[in-house]
Amino acid sequence: MNRKDDTLTADRYLGGKLLIASPSIGDPRFDRTVILMCDHSEDHAMGIVLNKPVEGLRLPSLLEQLGIEGEPHAPDRAVLVGGPVERDRGFVLHSADFESSDSTLPVSDTIGLTATKDALEAIASPRPPRRSLLALGYSGWGAGQLEEELASNAWFVADPDEDLIFAESADDKWERALDLLGIDPERLSSLSGNA
């Protein structure tokens, strides 16, 4: 079966979309993950995992470690593991009301990605972005690698949902992302072991 929408074309790259791991992903690093795709081209793909918190690390603590002075009530949110690549580098996903002219990558009309200290300073300021999250590291794919994974049904693709992306609780993001596609996670899990 060769359906037109099975193939990614130049206008169908997945930047701004959600990748949702299927039970058959086969890589424990991505088990039950939801990834916001930030950049995707013929040469590479890059995204941020939205639902894997760094154990024991909260945003105010990290800001303090980095010497970023903030309001007394800076958001007390978990810092996320954005993926296995460059785990010592921070990436801030944020609403489009913040932009660093030289370093913000527009992910969609409403979301940007900034990997510079000024994004963290903005989060700690009296006028922070309307929504934001911080992840350490990112998920990356080389040329054709993501397309192969998609062809082997390792990922589901969904339109982005800001409430899901920026939700404070990471615990149910995978289930909520599947729900965007009308997929019942319990039924999916029970079917994944059957041929």
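Thresholds, definitions, all that
Residues numbered from 1 in each chain as written. Predicted model: local features only at pLDDT ≥ 70, side-chain atom pairs only at ≥ 80, totals over all residues. Heavy atoms only, no water. Helix = DSSP H or I, 4+ residues; strand = E, 2+ residues; numbered from the N terminus. Phe/Tyr/Trp six-rings, centres within 6.5 Å; stacked < 30°, edge-to-face > 60°. Buried < 20%, exposed > 50% of the residue type's maximum accessible area, 1.4 Å probe, protein only. Core = buried A, V, L, I, M, F, W, Y, C linked by side-chain atoms within 4.5 Å. Contact = heavy atoms within 4.5 Å. Salt bridge = Lys/Arg side-chain N within 4 Å of Asp/Glu carboxyl O.

Undergrad: Provide a residue-level description of unusual backbone geometry, including the pertinent values.
TA: Residues other than glycine seldom take positive phi values, yet Glu86 does so here, at roughly 50 degrees. By the secondary structure assignment, Glu86 is in strand S6 (residues 85-95). Within the chain, Asn153 stands out as a residue other than glycine whose phi angle is a positive 65 degrees. Mapped onto the elements, Asn153 comes out in the loop between helix H3 (145-151) and strand S10 (155-158).

Undergrad: Give me the lowdown on the packing of aromatic side chains, citing residues and values where you can.
TA: With the rule as written, the count across this model stands at 3 aromatic pairs. Their ring planes at 70 degrees and their centres at 5.9 Å tell us that Phe30 and Trp155 sit as a pair that is edge-to-face. Residue Phe30 is located in the loop between strand S1 (18-21) and strand S2 (34-40), and its partner Trp155 is located in strand S10; the two are separated by 125 residues in the primary sequence. Accessibility classification places Phe30 together with Trp155 in one group, the buried group. Ring geometry for Phe91 against Tyr138: centres 5.5 Å apart, planes inclined by 75 degrees, an arrangement best described as edge-to-face. One end of the pair, Phe91, is in strand S6; the other, Tyr138, is in strand S9 (residues 132-142), with 47 residues separating them in the sequence.

Undergrad: Could you give an account of the nonpolar core, with specific residues and numbers?
TA: In summary, soluble globular proteins display a tendency toward joint burial of nonpolar side chains. In terms of nonpolar packing, the biggest core is built from 40 residues, with Leu19, Ile48, Leu50, Leu93, Leu146 and Trp155 touching the most fellow members. Looking at which element gives the most residues to this core, the answer is S2, with 5 residues. Setting aside residues up to four positions removed in sequence, Leu93 forms contacts with Leu36, Cys38, Ile48, Leu50, Val107, Ile111, Gly112, Leu113, Arg131, Ser132, Leu133 and Phe166. Grouped together as the second largest cluster of nonpolar side chains are 16 residues, Leu59, Ala74, Phe98 and Ala122 included.

Undergrad: Got a sec to walk through the pattern of salt bridges? Specific residues and values, please.
TA: Enumeration over the complete set of coordinates arrives at 8 salt bridges. With a shortest N-O distance of 2.7 Å, Asp27 and Arg29 are connected by a salt bridge. A salt bridge links Arg58 to Asp76; the shortest N-O distance between them is 3.0 Å. Residue Arg58 is located in strand S4 (residues 53-58), and its partner Asp76 is located in the loop between helix H1 (59-65) and strand S5 (78-81); the two are separated by 18 residues in the primary sequence. Sharing partners across several salt bridges, the network here consists of Arg130, Arg131, Glu162 and Asp163.

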